[in-house]
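Residues per chain, in single letters:
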Amino acid sequence: MSSRIIQSICHWAESQPDAIALIGTTAQGELSELSYRDLWAKIQTRQHELENLQPYCLAMRGENCLQWVINDLAALAGEIPLLPVPTFFTPEQAMHSVQQSGVDHLIGDWDFLTTPPELEEAFEPLLAKTAKVTFTSGSTGTPKGVCLSSEQLDAVSLQLSEVIAQNVAVERHLVMLPLSTLLENITGVYVPLLLGKTSVVLAGPDVGLEGSSHFDPARFVQALSRFQPNSLVLTPALLEALVNVVEYHSELSQSLKFIAVGGASVPKRLLERAQALGLPVYEGYGLSECASVVAVNTPASHRFGSCGKVLGHQQIKIGERGEVLVRGNMALGYIGQPFSQQWFATGDIGSIDEQGFLTIHGRLKNLIITSYGRNISPEWIETLARDYSALKQFVVMGDGEDYLSAFVIHPDKDAVIEALHELNQQLPDYAQIAQLIWCENQPSSMLFTFNARPIRSAIEQFSQSCPHFLLDTHHHPISGKTMNQFFNELKQQTEAARGQLLQSKIFAACQEGQIDRQSYRAFLTQAYHHVKHTVPLLMACGGRLDERYEGLRVALGHYIEEESGHQEWILNDIEALGFDSQLVREGTGEGAVDWPIELMVSYLYHQIDRGNPLALFGMVWMLEGTSVSVGGPMARMVQQTLELPDSAMTYLLSHSELDTQHIQFFEQLMGQIESPQDQQVIIDSARHVFRLYTAMLENLPLPVMHVA
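Keep in mind the model is a prediction, meaning the values are calculated, not measured.

Peer 1: Please provide a residue-by-residue account of the packing of helix H14 (residues 495-502) against helix H24 (residues 676-698), values included.
Peer 2: Orientation of H14 relative to H24, taken along the N-to-C sense of each, is 5°, at an axis distance of 9 Å. Between H14 and H24, the angle falls in the class roughly parallel. Side by side, H14 and H24 meet where Ala 497, Arg 498, Gln 500 and Leu 501 of the first sit next to Phe 690, Tyr 693, Thr 694 and Leu 697 of the second. Split by residue class, the contact of H14 with H24 holds five nonpolar, two polar and one charged.

Peer 1: Describe the sheet that holds strand S26 (residues 404-409), with residues and values.
Peer 2: Spatial strand order, S25-S26-S27-S28: four strands in an open sheet with mixed pairing. For this open sheet the edge positions go to strand S25 (394-397) and strand S28 (468-470), each flanked by a neighbour on one side alone. The sheet shows a mean angle of 25° between the axes of neighbouring strands, direction not considered. Summarising the sheet, S25 and S26 pair through four bridges and their orientation is antiparallel. Residue pairing for S26: Val 396 is matched across the bridge by Ala 406. Helix H10 (residues 378-385) rests against S25, S26 and strand S27 (433-439) of the sheet, and its axis sits at about 150° to S25. Against the sheet, helix H11 (residues 413-424) touches S25, S26, S27 and S28, its axis set at about 155° to S27.

Peer 1: Summarise the nonpolar core; cite the residues concerned and give the values.
Peer 2: Ranked by internal contacts, the top residues of the largest apolar core, which has 71 residues, are Tyr 520, Phe 523, Phe 617, Phe 666, Met 670, Tyr 693 and Leu 697. Considering every element that reaches this core, the biggest residue donor is helix H22 (residues 616-642), with eleven residues. The residues contacting Met 670, other than those within four sequence positions of it, are Phe 486, Phe 487, Phe 617 and Ile 682. Among the nonpolar cores identified, the runner-up in size contains 65 residues, and Ile 43, Leu 73, Leu 179 and Val 191 belong to it.

Peer 1: Before we move on, could you go through the domain arrangement of the chain and cite the residues and values that matter?
Peer 2: In terms of domain boundaries, the chain breaks down into domain 1 (4-360), domain 2 (367-470) and domain 3 (485-699). When each unit is reduced to the centre of its C-alpha atoms, the spacing between domain 2 and domain 3 is 39 Å.

Peer 1: Break down the sheet that holds strand S17 (residues 315-318) for me, citing the residues and quoting the values.
Peer 2: Across the sheet, which stays open at both edges, the four strands sit in the order S17-S18-S21-S22 with antiparallel pairing between neighbours. Each edge of the sheet is formed by a strand with only one pairing partner; in this case those strands are S17 and strand S22 (358-363). Taking each pair of neighbouring strands and ignoring which way they run, the sheet shows an average axis angle of 50°. Sheet analysis places S17 next to strand S18 (residues 323-327), joined by four bridges and oriented antiparallel.

Scoring rules and cut-offs
- The written sequence of each chain sets the order in which its residues are numbered from 1.
- Local features in a predicted model are, by the rule used here, given only for residues with pLDDT of at least 70; side-chain atom pairs are given and counted only at 80 or more, and totals for whole chains, interfaces and linings are based on all residues.
- Calculation of side-chain values draws on the structure's entire complement of heavy atoms; hydrogens and water are dropped beforehand.
- In this analysis, axes come from line fits to C-alpha atoms, helices being fitted only over the stretch in contact, and the angle between any two N-to-C directions falls in the range 0 to 180 degrees.
- Working definition: helices are DSSP H or I runs of at least four residues, strands are E runs of at least two. Numbering for both runs from the N terminus.
- Roughly parallel covers angles under 35 degrees, roughly antiparallel covers those over 145, roughly perpendicular covers 65 to 115, and oblique covers all other angles.
- Note on definitions: a residue-residue contact is assigned when non-hydrogen atoms from the two residues lie within 4.5 Å.
- Throughout, the ten residues Ala, Val, Leu, Ile, Met, Phe, Trp, Tyr, Cys and Pro are labelled nonpolar, Asp, Glu, Lys and Arg are labelled charged, and all others, Gly among them, are labelled polar.
- Strands are labelled as partners when DSSP assigns at least two bridges between them.
- Buried residues of nine kinds, namely Ala, Val, Leu, Ile, Met, Phe, Trp, Tyr and Cys, make up a nonpolar core once their side-chain atoms join them within 4.5 Å.
- Each residue is placed in one exposure class: buried if its accessible area under a 1.4 Å probe, protein chains only, is under 20% of its type's maximum, exposed if it is over 50%, and partly exposed if it falls in between.
- Each domain's extent was defined by an automatic or database domain assignment.

In structure tokens form, the structure reads like this:
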């Protein structure tokens, strides 16, 4: 038992056998807990099963779950080389990894294979002492296998556990990234178990992550609310999702004590937003060839915008052309290519300040040299571009050219051009984007890695078939308020009314489990009586907008398409709840509309017909903003308290997810409202609607609680 990680699990199984080691999803999709005693027993059992296979190398593929962790630790305990294969790898990448590693046994989910794989008889042998083979998706598109020993995994895991133990009291970690990525494998499994703490291991969809790039904020909110983790490891894209969530759910950040961010550069504005919210975010730097983490910021040693100081088991220096060199815990090598050099050349351009903080500026091989001899790191510009919603998938090109071009994937070309003009105002003239290469729809070919790093060779080839647009790089005036100013003002001006709504006794009752089916039925009844008017109100508003707001009229068409028929969902929920939906449809008896909703709907029709049709957006803000803020967690509380099937939760659950997606779209729409008079109409309408909706919530019946 040479692995320090395995030794620690054995130690905790003896010294604190009943302490919870893992909470997570079983192979059957159920939530379960494993104590250290149970985990150690399962590792030993699985170790013997794997040893009986007498494998040369195992390949494991599958969603995060408890069995994934058990397989991983059993292989480590049995000194069996293991290749974790990411589920986001293409079938070709997966089979390349399997064949390159000489895998002779597959475990996990390989359902994409129609026939058993042909394993290569002739292959480069794994390097001696290989415990784990990790293939990154790679910015070249062809995965490259890195061989790591258990000693190297121990070294980085022990260093990180010391950093955590010395700086913060972390009791529970929530795994967010696929465990097939080395960073999460180490930080999400090995480090918590070394410390005798708990790791929560859920399938990707249960934390909102599906595939390599699709994210569901509502599921993320549910996971944070339920498990209240102390630590997370995130990519910059997931950090942005967390910041967006915490801006509406400040209570979700209260348990967080250490949030490590890596995998790509983090935009300065995103770090500033996180800092303003009090999120304990710490950037780090690492690479597979050095067994993951090399440097990281900590609460005791932190410099904003840097990657922190090097960990104690490593050394770094800056070589020629500004390249970062690392020594101390290098991997064994690539498959068939052992490392023999004293310093590993990372290929990253960086600098170290007088206090020892490392900052990464870009990739050496990506350096652009223009026809005027200017050296430009594309990552510098790409990091700035991530601050703009239209430039999330943005790549700079132009080596040897007179000017720089940007390849951008986004459905709205005008929004992209507007964002590029704003970006150019931050850049010196030689670094401004002069040409847009536009891709309207997400291509089927793989152009970005899991960490959102561009596969530049693939993009350059793909971009040749895309339309090109020359831009005016001179000063581009922007009239009126910026895209976010009015939206932020709307939030600020309605905050008091929103606070009153959230103080409604129904929310406290949900949290305390003091609701019954009558309470939920009454809510659904009132929801039906305003949702059935959503499409008619949208249509009436669109018909009354003047030509200044033609863009809004188009947007209303999208809203109408998405909102059609939602009142029927509510009626179905009422039936599943065990009540008569026909009474609600007819508005009689217990299905009658209450006065606040009747007034709210009448007020909106009146404003559209006799006042300003933009008043409707006050209702949109109230409903979608509230749904994003509390809809998902409250829906789960209702479902758990009343033990309801999903068939009785269609409206609440679907709307909390839909409205999370809508809110950014709504923010963009509000950027089109430039008239101060129109802006005030929306603010006033939102305040009225908040008050009426609050009155409706206050009127909902609650069960009488008998005190013994």
